[in-house]
Amino acid sequence: MRRRRIGHVREVGTFLQDQIVYSVHFVDEGRIVGCREEELIAAEAPWIDSHFKVHQKGRATRSRTIRGELRVPPSSRGEVLDLEQTGAQGVFYPTHFDCLPGRPLLVPEHALEEWEKHGK
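For clarity, every value in this text was computed on a predicted model and none was experimentally measured. (Residues numbered from 1 in each chain as written. Predicted model: local features only at pLDDT ≥ 70, side-chain atom pairs only at ≥ 80, totals over all residues. Heavy atoms only, no water.)

Caption draft 1: Up close: the nonpolar core. Core analysis: the biggest nonpolar cluster contains 13 residues, and V72, Y93, F97, L100, L105, V107 and L112 have the highest contact counts within it. For this core, the secondary-structure elements that each account for two or more residues are β9 (91–97) and β10 (105–108). Per element, the largest residue contribution to this core is three residues, and it comes from β9. For L105, the residues in contact, after removing those within four places along its chain, are R64, I66, V72, Y93, P94, T95, F97 and L100. Among the nonpolar cores identified, the runner-up in size contains five residues, and Y22, V24, F26 and C35 belong to it. (Core = buried A, V, L, I, M, F, W, Y, C linked by side-chain atoms within 4.5 Å. Buried < 20%, exposed > 50% of the residue type's maximum accessible area, 1.4 Å probe, protein only. Helix = DSSP H or I, 4+ residues; strand = E, 2+ residues; numbered from the N terminus. Contact = heavy atoms within 4.5 Å.)

What follows is the structure in structure tokens.
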């Protein structure tokens, strides 16, 4: 399903015993689709227009430092874990980078580019 489509949750179940999956009926499209919780928002919630989706792969467009120490070199591969909007500052993504195991880093949208631009 494309983003911003409105549906109705019909059932809630589990996948592999630990992942909640919602059976969502998208009336306008005439389809029922299984969705994870992070893929859904309440219909009345404000929409955050963003370039990246949850679990999308990307690359850092510039280096990222923590307390002055280089932790993410440019072109480092990462995976978007979620998205946050912080007022006028725009969209930020908690992102897990391969070079920074176990610790997501909050990255502004302009500091990421699509992984596909580099041929995966």
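Caption draft 2: Up close: the pairing of strand β6 (residues 69–72). Direction of pairing for strand β5 (residues 64–66) relative to β6: antiparallel, over a ladder of three bridges. Bridge pairing in β6 places R64 opposite V72. In sequence, β5 turns back onto β6 through a hairpin of two residues, with R67 there showing a positive phi of about 50°. (Pairing = 2+ DSSP bridges.)

Caption draft 3: Broad picture of the packing of aromatic side chains. Within the structure shown, the criterion is met by one aromatic pair. Plain terms: the ring middles of F52 and Y93 are 5.4 Å apart, the flat faces sit at 80° to each other, and that makes the pair edge-to-face. Note that F52 is positioned in the loop between β3 (31–36) and β4 (57–60) and Y93 in strand β9, a separation of 41 residues in sequence. The pair formed by F52 and Y93 is uniform in burial state, with each residue classed as buried. (Phe/Tyr/Trp six-rings, centres within 6.5 Å; stacked < 30°, edge-to-face > 60°.)

Caption draft 4: A look at the environment of S76. With respect to the helices, strands and loops of the structure, S76 is situated in the loop between β6 and β7 (77–80). Given the relative accessible area of 11%, S76 is considered buried. The spacing of S76 and H110 is 34 residues in sequence and 15 Å in space, taken between C-alpha atoms. Residues in contact with S76, not counting those within four places in the same chain, are G58, R59, A60, F97 and C99.

Caption draft 5: Inspection of the pairing of β7 at higher detail. Here β7 shows a clear split, with G78 and V80 buried on one side and none of R77 and E79 buried on the other. One ladder, built from three bridges, connects β4 with β7; its direction is antiparallel. Its bridge partner lying in β7, K57 is registered against E79.

Caption draft 6: Region of the structure containing the environment of V80. Counting through the fold element by element, V80 comes out in strand β7. According to the relative accessible area criterion, V80 is buried, its value standing at 2%. If we ignore the near neighbours within four places in the chain, the residues touching V80 are F52, K53, V54, H55, Q56, Y93, P94, T95 and L112.

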